[in-house]
Amino acid sequence: MTPGVLYLLASVACSVTVAVLLKLARRYDVDVRQAITVNYAVAALLCWAVLRPDPSTLVTPQTPWAVLAALGLLLPSVFLAMAAAVRHAGIVRSDAAQRLSLFIPLLAAFVLFGEPVSSRKLAAILLAFSALACLLRRPAAAQTPADSRAAWLWPLVVWAGYGVIDILFKQVARAGTAFAGGLLLAFVLAGVLMLAYLLCRRVRWERRHLAAGVALGLANFGNILTYIRAHQSLPEHPALVFASMNMGVITLGTLVGALAFREPLTRLNLSGIALALAAIVLMAPW
């Protein structure tokens, strides 16, 4: 296999590993708030060490501080929502909802930025919304009203949250901020805000929660790094990288959730998975 394909496989594995770690957090009574805080510290250190952002570009008159502050608030908030989604709805639905969030920036491009609407992209958006509707339905048996509400609400929050985060990162890029520098600043702000929140809550810090955060940070940054490297290794095939990454996460997440964690899936849910894959194929810039 070529290096580009290996990077793609690694990126898919890292992305699903994040969901698995969040799934196991409840089993081992891990405080996800502490883990997510440490995750951002680890990710920021790795971003500085590996991507080596130019210090002179980190703070300039063009730095979009309002957008970065919004990212600093949203990143940990949506990460906590992802943890809740995995807990209540499972890995399959949560990973699929996260990947379907890529259609929110596409919709925003049409509505907010005046990009022309093509029939292919419109069909992809309709498929994505249909997929989301199918995925949010869970078997009604053995569910309390609160459980049923949480099972569709948290994946919906994940979908919307990651979509807005994608739009904000695009705004950072439009402001002229280098990707590595913007990513580092967003990680630092997210970590600082989470730390301030936990200090205000006077949480009791424990080693196992911090260790879980290190593992989460390694997987989280590993997903970002290997995805970047995949694009760099396959510069002439951006559509392949885009489609393979998103389809790979949905497929592997479905296998892991259904086989390893016995997550119940109805025929409607499986139809949603198929619709999500079809939407990604249509969305890819072939």
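Up top you'll find the structure we're talking about.
For the structure given in this document, a descriptive report is provided here.

1. Quick look at the pattern of salt bridges
Tallied over the entire structure, the rule returns 5 salt bridges. A salt bridge links aspartate 29 to arginine 208; the nearest nitrogen and oxygen atoms lie 3.9 Å apart. Of this pair, aspartate 29 sits in the loop between α1 (3–27) and α2 (32–51) while arginine 208 sits in helix α9 (residues 207–233); the two residues are 179 residues apart in sequence, bridging distant segments of the chain. A relative accessible area of 39% means that arginine 208 is categorised as partly exposed. Residue arginine 33 is joined to aspartate 31 by a salt bridge in which the shortest nitrogen-to-oxygen separation is 3.1 Å. Note on aspartate 31: relative accessible area 16%, which makes it buried. Via salt bridges that share partners, Asp29, Glu206 and Arg208 belong to a single interconnected network.

2. Some points on helix α11 (residues 267–283)
The end-to-end C-alpha distance of α11, which contains 17 residues, comes to 24 Å, matching closely the 24 Å that a straight helix rising 1.5 Å per residue would cover. For α11, the secondary structure elements touched by its buried residues are α4 (91–100), α5 (103–111), α6 (119–135) and α10 (238–260).

3. Some details on the nonpolar core
Residues Leu22, Leu51 and Phe187 are the most contacted members of the largest nonpolar core, which totals 56 residues. Where this core is concerned, the elements lending two or more residues are α1, α2, α3 (65–89), α7 (145–174), α8 (179–201), α9 and α10. Here this core gets 11 residues from one element, more than from any other, and that element is α3. Non-local contacts of phenylalanine 187, meaning those with residues more than four positions away in its chain, are made with Tyr40, Ala43, Ala44, Cys47, Phe221 and Ile224. Among the nonpolar cores identified, the runner-up in size contains 29 residues, and Leu106, Phe110, Ala243 and Ile273 belong to it.

4. Examining the packing of α1 against α10
Two elements in contact, α1 and α10, have axes separated by 9 Å at closest approach and are oriented at 40°. The orientation of α1 with respect to α10, classified from their angle, is oblique. Note that α1 runs across α10; the crossing there is right-handed. Across from Leu8, Ser11, Val12, Ala13, Ser15, Val16 and Val20 in α1, the residues of α10 making contact are Leu240, Val241, Ser244, Met245, Gly248, Val249, Leu252, Gly253 and Val256. Among the residues forming the contact of α1 with α10, the class breakdown is 11 nonpolar, 5 polar and no charged.

5. Remarks on a nonpolar patch on the surface
A grouping of Met1, Val5, Leu6 and Leu9 is seen on the molecular surface, where their side chains present a nonpolar patch of about 410 Å² in accessible area. Structurally, the position occupied by valine 5 is in helix α1. For valine 5, a relative accessible area of 32% puts it in the partly exposed group.

6. Structural notes on unusual backbone geometry
Peptide bonds are trans in most cases, and residues, glycine excluded, mostly fall at negative phi. You will see that aspartate 29, though not glycine, has its phi angle at about 55°, which is positive. By relative accessible area, which is 55% here, aspartate 29 ends up exposed. Of note in this structure, arginine 262 is not a glycine but carries a positive phi near 55°. Mapped onto the elements of the fold, arginine 262 is located in the loop between α10 and α11.

7. Examining the environment of alanine 175
Topologically, alanine 175 is positioned in the loop between α7 and α8. Spatially, the C-alpha atoms of alanine 175 and proline 64 are 6.6 Å apart, while their sequence positions differ by 111 residues.

8. Some remarks on the packing of α2 against α9
Between α2 and α9, the shortest axis-to-axis distance is 7 Å and the interhelical angle comes to 40°. With respect to α9, the axis of α2 lies oblique. For the crossing formed where α2 meets α9, the hand is right-handed. For the contact of α2 with α9, the residue count by class is 17 nonpolar, 6 polar and 1 charged.

Each value, and the rule that gives it
- Residues numbered from 1 in each chain as written.
- Predicted model: local features only at pLDDT ≥ 70, side-chain atom pairs only at ≥ 80, totals over all residues.
- Heavy atoms only, no water.
- Salt bridge = Lys/Arg side-chain N within 4 Å of Asp/Glu carboxyl O.
- Helix = DSSP H or I, 4+ residues; strand = E, 2+ residues; numbered from the N terminus.
- Buried < 20%, exposed > 50% of the residue type's maximum accessible area, 1.4 Å probe, protein only.
- Expected span 1.5 Å × (residues − 1).
- Contact = heavy atoms within 4.5 Å.
- Core = buried A, V, L, I, M, F, W, Y, C linked by side-chain atoms within 4.5 Å.
- Axes fitted to C-alpha atoms, helices over the stretch in contact; angles between N-to-C directions.
- Parallel < 35°, antiparallel > 145°, perpendicular 65-115°, else oblique.
- Left-handed = near helix turned anticlockwise from the far one by under 90°.
- Nonpolar A, V, L, I, M, F, W, Y, C, P; charged D, E, K, R; others polar.
- Patch = residues over 30% accessible without salt bridge, like charges linked within 9 Å, V, L, I, M, F, W, Y side chains within 5 Å.
- Areas by Shrake-Rupley, 256 points an atom, 1.4 Å probe, with all protein chains shown as cover.

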